[in-house]
Amino acid sequence: MANEDYINQAVVNAFKILELFNENNIQYTSQEITDLLDISSSSGWRLVQTLEHIGYLRKDEDDKYSLGYKGLNFAKIILNSLEVRRVALPHLRELAEDLKLNVSLGILGKNEAIYIVRIPSPEIPDTNFHVGRRVPLHCTGLGKVLLAYQNEEVKNSIIENIEIKKLTQNTIATKDELKSNLEEVYKNGYAYDEEEFIENTSCLAMPIWNNSGEIEASISVSNRKLFRKQKMNLEENLERLSQTANKISHSLGYSLYNPI
């Protein structure tokens, strides 16, 4: 942890500006940015102008700012540096082709799950997910797996700090309910999300292990039940998902920790 005496607040505020943008908030005026950050208009304006000048923000004809394209450079570097993504990708493509379902790979972020691979099925319309999207831990298959297999100290700290939002009628409503569900996930070796995050969408997820025997990522398959006619075959998909998860884990060196 850096010594707070050496923290440059202007740099912190510049990154806070970039972090304001997400799937639901793609544009802001300069004044909206300074209001949200609770900083002076002059300081906020200078930061916005600087970020625009170097390409991390761009301004449209209505004087509203959105993220610039410069940040895409980092996205590519980060994704290509993730060994689990590189190792998993061919296996995930094969799984998507075999099952005709959406296939994803996620890692644990700060109290969220982050998608680092998303292979959509051409047979299931789905525009809700993409690489880089962050989703809740308490109501997604990926998220519950990533949380269930953390050590107790980390798990309890995350649960203490996350907000339990009820997104559908099936969403876990309390932290006690989440803890109970995570125990089931840990015992069963997989998580099943039945319309907990998005209505008409089911998700089945399992852990990916590294050479230290620790959870590295989570793999999932999901469908979107069109007019509630499509139902996930849990038993069939669980076996195929398990095979893929094991292949990826052993390619990451898990066999050194847990020999076949």
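Note that the structure is a prediction, hence the values are computed from the model and not measured. (Residues numbered from 1 in each chain as written. Predicted model: local features only at pLDDT ≥ 70, side-chain atom pairs only at ≥ 80, totals over all residues. Heavy atoms only, no water.)

J.: Mind showing me how you'd approach the sheet that holds strand β4 (residues 113-119) here?
T.: The pairing of strands in a sheet happens through backbone hydrogen bonds and is either parallel or antiparallel. As summarised here, the arrangement of the six strands in space is β5-β4-β3-β8-β7-β6, forming an open sheet in which the pairing is antiparallel. Of all strands in the sheet, those with a lone pairing partner are β5 (134-135) and β6 (191-194), marking the two edges. Two elements, strand β3 (residues 102-108) and strand β8 (residues 215-224), share five bridges in a ladder whose sense is antiparallel. What sits directly across from N102, in β8, is S222. (Pairing = 2+ DSSP bridges. Helix = DSSP H or I, 4+ residues; strand = E, 2+ residues; numbered from the N terminus.)

J.: Help me understand unusual backbone geometry, please; the structure alone is not making it clear to me.
T.: Comment: phi is negative for the bulk of residues other than glycine, and the bulk of peptide bonds are trans. Despite not being glycine, D38 has its phi angle at roughly 55°, a positive value. Counting through the fold element by element, D38 comes out in the loop between α2 (30-37) and α3 (41-53). Note on D38: relative accessible area 69%, which makes it exposed. Unlike most non-glycine residues, K100 shows phi in positive territory, near 60°. (Buried < 20%, exposed > 50% of the residue type's maximum accessible area, 1.4 Å probe, protein only.)

J.: What exactly am I supposed to notice about the packing of aromatic side chains here?
T.: The relation between two aromatic rings is expressed through the spacing of the ring centres and the mutual angle of the planes. On inspection of all chains with the given rule, the structure shows four aromatic pairs. Ring centres 5.1 Å apart and planes at 75° place the aromatic pair F21 and Y28 in the edge-to-face group. Owing to a relative accessible area of 9%, Y28 belongs among the buried residues under this scheme. Ring centres of Y149 and W209 lie 5.2 Å apart, and the angle between their planes is 85°; this geometry places the pair in the edge-to-face category. Taken as a pair, Y149 in the loop between α6 (141-148) and α7 (152-161) and W209 in strand β7 (residues 201-209) lie far apart in primary sequence, 60 residues in all. What makes Y149 buried here is its relative accessible area of 15%. (Phe/Tyr/Trp six-rings, centres within 6.5 Å; stacked < 30°, edge-to-face > 60°.)

J.: When you look at the pattern of salt bridges in this model, what are you seeing that I'm missing?
T.: Should the charged atoms of two oppositely charged side chains come close, the side chains can pair. Across all of its chains, the model carries nine salt bridges by this definition. Note that D63 and K59 form a salt bridge whose closest N and O atoms lie 3.9 Å from each other. Between R134 and E112 there is a salt bridge whose closest N-O contact spans 3.5 Å. Here R134 is found in strand β5, whereas its partner E112 is found in the loop between β3 and β4, with 22 residues between them in sequence. On the basis of relative accessible area, R134 is assigned to the partly exposed category, the value being 44%. Linked through salt bridges whose partners overlap, the residues forming this network are E94, D98 and R240. (Salt bridge = Lys/Arg side-chain N within 4 Å of Asp/Glu carboxyl O.)

J.: Hey, could you run me through the side chain of N13 in this one?
T.: Considering the arrangement of structural elements, one finds N13 in helix α1 (residues 9-19). Setting aside residues no more than four positions away along its own chain, N13 makes contact with L37, I39 and L47. (Contact = heavy atoms within 4.5 Å.)

J.: Is there a simple way to think about the nonpolar core in this case?
T.: Burial of nonpolar side chains together is a common tendency in soluble globular proteins. Formed by 28 residues in total, the largest nonpolar core has its most connected members in L92, L105, I208, I219, V221 and I248. Residue assignment for this core shows that the elements contributing at least two residues are α5 (83-99), β3, β4, β7, β8 and α9 (234-251). No other element matches the eight residues that α5 contributes to this core. Residues contacting I208, with those up to four places away along its chain left out, are V84, L105, E214, I215, E216, A217, S218, I219, A245, I248, S249 and L252. (Core = buried A, V, L, I, M, F, W, Y, C linked by side-chain atoms within 4.5 Å.)

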